[in-house]
Amino acid sequence: LEFRRVLFRSPWHEGHRWLIDQALNEGKDVLLCVRDVPVSEKNPWAAIDVMYNLSNELMDLIEKGKLKIIIIPDIESINIGRGAGYDVIEHVPPTDIEQISATKIREQLRKEGKL
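Just so it is clear, the model here is predicted, and its values are computed rather than measured.

Draft legend 1. Examining the nonpolar core more closely. Judged by nonpolar contacts, the single largest core of 13 residues is most densely connected at Ile20, Leu32, Val34 and Leu67. When contributions to this core are tallied by element, the ones reaching two or more residues are α1 (14-25), β2 (29-36), α2 (47-57) and β3 (67-73). In contact with Leu67, other than residues within four places in its own chain, are Ile20, Val30, Leu32, Leu58, Leu61 and Ile62.

Draft legend 2. View of a nonpolar patch on the surface. The grouping of Ile78, Ile80, Tyr86 and Val88 at the surface amounts to a nonpolar patch, some 410 Å² of accessible area in total. Looking at the secondary structure, you find Ile78 in the loop between β3 and α4 (95-98).

Draft legend 3. A look at α2. Residues of α2 that are buried: Ala47, Val50, Leu54 and Ser55. Buried residues of α2 fall within an arc of 135° about the axis and therefore sit on the same side. Residues Ile48 and Tyr52 are exposed on α2 and point more than 90 degrees away from its buried face.

Draft legend 4. The arrangement of the side chain of Arg35 in detail. As for its placement among the helices and strands, Arg35 is situated in strand β2. Polar side-chain contacts of Arg35 include one of 3.2 Å to the backbone oxygen of Ile75.

Draft legend 5. Representation of the pattern of salt bridges in the model. What the rule picks out here adds up to three salt bridges. One salt bridge connects Arg17 with Asp21, and the closest N-O pair in it is separated by 2.9 Å. Of this pair, Arg17 and Asp21 are both found in helix α1, four residues apart, which corresponds to roughly one turn of the helix. Residue classification places Asp21 among the partly exposed residues on the basis of a relative accessible area of 22%. Asp29 is the partner of Lys66 in a salt bridge, and the nearest nitrogen-oxygen pair spans 2.7 Å. Of this pair, Lys66 sits in the loop between α3 (59-63) and β3 while Asp29 sits in strand β2, and the two are 37 residues apart along the sequence.

Thresholds, definitions, all that
- Every chain's residues receive numbers from 1 upward, in the order its sequence appears when written.
- Where totals are concerned, whole chains, interfaces and linings use all residues; where local detail is concerned, this predicted model gives features only for residues with pLDDT of at least 70, and gives and counts side-chain atom pairs only at 80 or more.
- Where side-chain values are given, they derive from all heavy atoms of the structure, hydrogens and water being excluded.
- In these notes, a set of buried Ala, Val, Leu, Ile, Met, Phe, Trp, Tyr and Cys residues joined through side-chain atoms within 4.5 Å is what counts as a nonpolar core.
- Relative accessibility under 20% of the residue-type maximum defines a buried residue, over 50% an exposed one, and the middle range a partly exposed one, all with a 1.4 Å probe and only protein chains included.
- What counts as a helix is a DSSP run of H or I of at least four residues, what counts as a strand is a run of E of at least two, and both are numbered from the N terminus.
- Residue contacts follow a heavy-atom distance rule, with two residues in contact if any of their heavy atoms lie within 4.5 Å.
- Each patch is assembled from residues with relative accessible area greater than 30% and no salt bridge, linking like charges that lie within 9 Å and nonpolar side chains (Val, Leu, Ile, Met, Phe, Trp, Tyr) that lie within 5 Å.
- Accessible surface area values rest on a Shrake-Rupley calculation with a 1.4 Å probe, where residue burial reflects the displayed protein chains alone.
- Any Lys or Arg side-chain nitrogen found within 4 Å of a carboxyl oxygen on Asp or Glu counts as a salt bridge.
- This arc is taken over the directions from the axis of the helix to the C-beta atoms.
- Throughout this description, a polar contact denotes any pair of N or O atoms lying within 3.5 Å of each other; where both atoms belong to protein, one of them has to be capable of donating a hydrogen while the other can accept it, and for residues adjacent in sequence the pair is counted only when both atoms sit in side chains.

The quantities given are spatial measurements derived from coordinates; they are silent on function.
Here is the structure:
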């Protein structure tokens, strides 16, 4: 299977689904990587909780074998060498997706007492 890697750090939103769909629409499977970062104001969920919630959200893709989710150590950069065997692809989202803010989502969840 050929996988497209996607890194997650913020609360699930439609921008994430849009990015996953870009790979799926190209016939690729997706490896979704959750960074294991310390819980903080900016990152209020432990990696295992993020993985659990994403698994529930994306169960249909997991059951079809189109998506896998793993936890990875916190990383500061992605570095590739010559002939690494894969491409680094940036997808430019449409304006409505680009304007989604995980910070604003977290602020709203705090106002609603859900965080």
